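Structural description and commentary
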Amino acid sequence: MESLKDRVRAKLLRQLAEDGALDQEQEDPRLISVVADLDALNSVPDGDPLVEELATRYLVF
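Rules of the game
Starting afresh in each chain, residues are numbered from 1 along the sequence in its written order. Local features in this predicted model are restricted to residues of pLDDT 70 or higher, and side-chain atom pairs are both shown and tallied only at a pLDDT of 80 or more, whereas totals for entire chains, interfaces and linings draw on every residue. Hydrogens and water molecules were not included; the side-chain quantities draw on all heavy atoms of the structure. Angular values range over 0 to 180 degrees, each being the angle between N-to-C directions of two axes fitted as lines to C-alpha atoms, with helices fitted over their stretch in contact. Secondary structure elements follow DSSP: runs of H or I of four or more residues count as helices, runs of E of two or more count as strands, with numbering from the N terminus. An angle below 35 degrees is read as roughly parallel, one above 145 as roughly antiparallel, one from 65 to 115 as roughly perpendicular, and any other as oblique. Left-handed describes a crossing whose near helix is turned anticlockwise from the far helix through less than a right angle; right-handed describes the clockwise counterpart. What makes two residues a contact is simply this: any of their non-hydrogen atoms within 4.5 Å. Gly is placed with the polar residues, together with every amino acid not listed as nonpolar (Ala, Val, Leu, Ile, Met, Phe, Trp, Tyr, Cys and Pro) or charged (Asp, Glu, Lys and Arg). Note on exposure labels: buried denotes an accessible area under 20% of the residue type's maximum, exposed denotes more than 50%, and partly exposed covers the range between, all computed with a 1.4 Å probe on protein chains only.

At their nearest, the axes of helix α1 (residues 4–19) and helix α3 (residues 49–57) sit 10 Å apart, and the two run at 45° to each other. Taken together, the axis directions place α1 and α3 in an arrangement best described as oblique. Regarding α1 and α3, the two cross each other, and that crossing is left-handed. Residue-level contacts link L4, K5 and V8 of α1 to V51, E52, L54 and A55 of α3. Looking at side-chain class alone, the contact of α1 with α3 contains five nonpolar, no polar and two charged residues.

Given below as structure tokens:
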């Protein structure tokens, strides 16, 4: 069974894929935020409060 962290990671990666690659010349604040959230998610262990926060922010159940 997938952990909440795995589901949040999958949602963030889908979001990036759907929105397109980050264009270095056009800084899209939303994409930058998704990339930052993905980096933060990858730096914490399962069960960290940040995982719950991101799940809520990105509507991952």
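Anyway, onward from the coordinates.
We now examine unusual backbone geometry. Unlike most non-glycine residues, L59 shows phi in positive territory, near 55°. For L59, the location among the structural elements is in the segment after α3.

Attention shifts here to the environment of K5. Secondary-structure assignment places K5 in helix α1. Given a relative accessible area of 10%, K5 falls into the buried group. Along the backbone, K5 and V60 are 55 residues apart, and their C-alpha atoms lie at a distance of 9.6 Å. Filtering out sequence-adjacent residues up to four positions away, K5 remains in contact with L41, N42, V44, P45, D46 and V51.

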